[in-house]
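# Summary of the model geometry
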Amino acid sequence: MSVMSDKRDYYEVLGVNKGATDKELKKAFRSLARKYHPDKNSDPGADDKFKEIQEAFAILSDSEKRAQYDRFGHSGPQMGGGFSGFDIRYEDLFGSGLDDLFSNLFGGGGGRRSRTRQSRGQSILVRKKIPFQMAFEGGSEEVSVDTFLSCDSCSGSGGATSDDVEICSTCRGQGQVTQTRQVGPFVQQTSGICPTCQGRGKIIINPCKDCRGEGRKKKKQTIRFNVPEGVDTGMRLRMRGKGHVPPQGGIAGDLEIELILENHPWFERDGAELLMSLPVGFPDLMLGRTVTIPHLDDKPLVIKIPANSLAGHTLNIPGRGLPNGRGRRGDVIILLKLHTPKKPSRNLKSQLESLKSDLSIADDDLENSILDEAKDRRS
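Rules behind the numbers
Residues numbered from 1 in each chain as written. Predicted model: local features only at pLDDT ≥ 70, side-chain atom pairs only at ≥ 80, totals over all residues. Heavy atoms only, no water. Helix = DSSP H or I, 4+ residues; strand = E, 2+ residues; numbered from the N terminus. Buried < 20%, exposed > 50% of the residue type's maximum accessible area, 1.4 Å probe, protein only. Contact = heavy atoms within 4.5 Å. Areas by Shrake-Rupley, 256 points an atom, 1.4 Å probe, with all protein chains shown as cover. Axes fitted to C-alpha atoms, helices over the stretch in contact; angles between N-to-C directions. Parallel < 35°, antiparallel > 145°, perpendicular 65-115°, else oblique. Left-handed = near helix turned anticlockwise from the far one by under 90°. Disulfide = S-S within 2.5 Å. Phe/Tyr/Trp six-rings, centres within 6.5 Å; stacked < 30°, edge-to-face > 60°. Lys NZ or Arg CZ within 6 Å of the ring centre and 35° of its normal. Pairing = 2+ DSSP bridges. pLDDT = per-residue confidence, 0-100. Expected span 1.5 Å × (residues − 1). Arc of directions from axis to C-beta. Polar contact = N/O pair within 3.5 Å; in protein donor to acceptor, adjacent residues only side chain to side chain.

## Digging into the overall build of the chain
When helices and strands are counted, the chain shows ten helices and 15 strands. Here the chain holds 379 residues, and the buried ones make up 35% of them. Intrachain contacts of the chain at a sequence separation of at least 6 include 65% that bridge at least 24 residues. Put simply, the chain shows about 24,100 Å² of open surface, and 47% of that area lies on carbon and sulfur atoms.

This is the structure:
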């Protein structure tokens with residue numbers, strides 16, 4: 001017991017407080033394990049320090065052992081027996097599957113049985129242009145893709161006959177092998193792809209001639225899909241199981257369809273809003289005018305330009321935009337732009353000269369006009 005009492009506090013070893021979360025414990029362990037791992041640290045005592053870090057984490061990462069340690073310290077009923085450390089590779093400390101490493105080393109799997117790992121085929125990404133009208137009402141489209149599908153001759157097994165496919169004796173059809181070994185008071189369990197069948201769970205004795213044992217062949221298929229209303233460029237639709245079938249059977253990958261919305265002749269979109277510019281002549285701005293144009297909903301879009309309108313002003317027609325996904329439609333927003341003839345005739349120029357004094361602003365009234373315009377803009 002005197003040896004046990006000489007041990008440092010486990011929380012002190014990892015440099016964390018007693019209320020540390022599992023995430024904080026893992027972070028502290030990984031940082032210290034990298035620093036003192038024997039593969040990278042040749043200093044005297046680094047190996048003992050590394051084992052001390054492993055022992056501290058092994059106890060504190062187990063909820064039951066941690067509770068006993070918090071209550072009894074190193075004198076707890078499960079604290080004895082010594083600790084010999086684990087065979088942790090230095091590269092494991094940098095891997096994305098660090099949680100799996102912790103689970104295998106410290107019993108985090110909770111005794112769960114390993115499940116059969118089925119192969120999954122690759123997914124396919126295609127881009128499809130769709131008419132702008134579909135943003136308003138949705139619809140259906142289709143794409144043609146070259147896809148690996150199950151071989152018809154062998155039904156995807158890869159063997160010439162059903163007797164030409166055997167269950168892998170190494171992994172017993174599981175596709176992975178599990179090794180368990182006792183390390184001190186702990187059980188270390190590691191799983192990996194079966195080296196005999198490469199994770200497929202079966203061995204092909206006599207390959208199918210049509211697919212050469214692949215269990216799949218590339219074919220062109222046409223797939224029809226639905227486009228939701230309100231769609232926009234960049235939206236992706238995922239079709240489960242419409243991608244490539246993996247060799248010798250398994251779960252097919254997915255088909256992702258990225259939609260590209262074609263341009264409308266005059267509308268731009270901002271979410272559910274439709275934006276457009278409307279060129280109008282000066283008489284239309286001054287006297288007012290009603291303009292009618294075709295629209296996406298097959299009902300004429302009636303635009304009423306009030307008298308004394310100004311170029312640059314906007315008109316709003318509510319509820320005639322695109323569906324917003326909540327059972328309503330956005331608005332149509334119209335920017336008024338002054339239209340001027342590119343090549344005015346001599347007669348038009350003559351008429352404009354006669355109206356110049358009535359339509360133009362005199363120099364001595366220019367400043368007042370500027371001030372009035374500023375007030376109108378800010379009001």
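## What about the side chain of Asp-297?
For Asp-297, the position within the fold is in the loop between strand E12 (289-293) and strand E13 (301-305). Not counting residues up to four positions away in its chain, the partners in contact with Asp-297 are Phe-136, Arg-320 and Arg-329.

## Describing the packing of helix H3 (residues 22-36) against helix H4 (residues 46-60)
When two helices pack together, their arrangement is captured by the angle between the axes and the distance separating the axes. For the pair H3 and H4, the least separation of the axes is 9 Å and the interaxial angle reads 165°. Taken as axis vectors, H3 and H4 run roughly antiparallel relative to one another. Between H3 and H4 the crossing geometry is left-handed. Listed contacts from H4 to Leu-25, Lys-26, Phe-29, Leu-32, Ala-33 and Tyr-36 of H3 are Ala-46, Lys-49, Phe-50, Ile-53, Gln-54, Phe-57 and Leu-60.

## Some points on the state of the cysteines
One covalent bond between the sulfur atoms of two cysteine residues makes up a disulfide. Overall, the coordinates contain zero disulfides when judged by the stated rule. The closest cysteine sulfur to the non-disulfide-bonded Cys-197 is located on Cys-171, 3.7 Å from its own sulfur. Cys-211 provides the cysteine sulfur closest to Cys-208, a residue in no disulfide bond, and the two sulfurs are 3.7 Å apart.

## A few points about the packing of aromatic side chains
Within this structure, the stated rule accounts for four aromatic pairs. Between Tyr-11 and Tyr-69, the aromatic rings sit 6.1 Å apart at their centres with planes inclined by 45°, giving tilted as the arrangement. Note that Tyr-11 is positioned in helix H2 (residues 10-14) and Tyr-69 in helix H5 (residues 63-72), a separation of 58 residues in sequence. As far as the burial class goes, Tyr-11 and Tyr-69 line up, both buried. Arranged with centres 6.1 Å apart and planes meeting at 55°, the rings of Trp-266 and Phe-267 form a pair that is tilted. A relative accessible area of 2% means that Phe-267 is categorised as buried. One aromatic cluster is present, built from ring pairs that chain together Tyr-10, Tyr-11 and Tyr-69. For Lys-49, the ring lying beneath its charged end belongs to Tyr-36, and the centroid distance is 5.6 Å.

## Comments concerning the sheet that holds strand E15 (residues 332-338)
Strand order in the open sheet formed by four strands is E10-E11-E15-E14, and the pairing between neighbours is mixed. Looking at which strands have only one partner, the edges of the open sheet turn out to be strand E10 (268-270) and strand E14 (314-317). Ignoring strand direction, the axes of neighbouring strands in this sheet form an average angle of 30°. Relative to E15, E14 is paired through four bridges, and the arrangement is antiparallel. Across the sheet, Ile-317 pairs through a bridge with Val-332, a residue of E15.

## Brief notes about the pairing of strand E8 (residues 236-239)
Every second residue of E8 is oriented toward a common face, the buried set being Leu-237 and Met-239 and the non-buried set Arg-236 and Arg-238. Sheet topology note: the E8/strand E9 (residues 255-261) ladder contains four bridges and is antiparallel. Paired with Arg-236 across the bridge in E9 is Glu-258.

## Considerations on the confidence of the model for the chain
In this model, the chain carries an average pLDDT of 82, and 83% of its residues clear a pLDDT of 70 or more. The low-confidence segment residues 106-116, where pLDDT is below 50, has 16 contacts with residues more than four positions distant or belonging to other chains.

## Considerations on H3
Between the first and last C-alpha of H3 there are 21 Å, a value that for 15 residues agrees with the 21 Å anticipated at 1.5 Å per step. Burial in H3 covers these residues: Leu-25, Ala-28, Phe-29, Leu-32, Ala-33 and Tyr-36. Relative to the axis of H3, the buried residues are bounded by an arc of 125° and lie together on one face. More than 90 degrees from the buried face of H3, the exposed residues found are Lys-23, Lys-27 and Lys-35.

## Let's talk about the side chain of Arg-320
Among the secondary structure elements, Arg-320 is positioned in the loop between E14 and E15. Within the structure, Arg-320 has its side chain in polar contact with the backbone oxygen of Pro-300 (distance 3.4 Å). Not counting the four nearest positions on each side in its chain, Arg-320 is found in contact with Leu-274, His-295, Asp-297, Lys-299, Pro-300, Leu-301, Arg-329, Gly-330, Asp-331 and Val-332.

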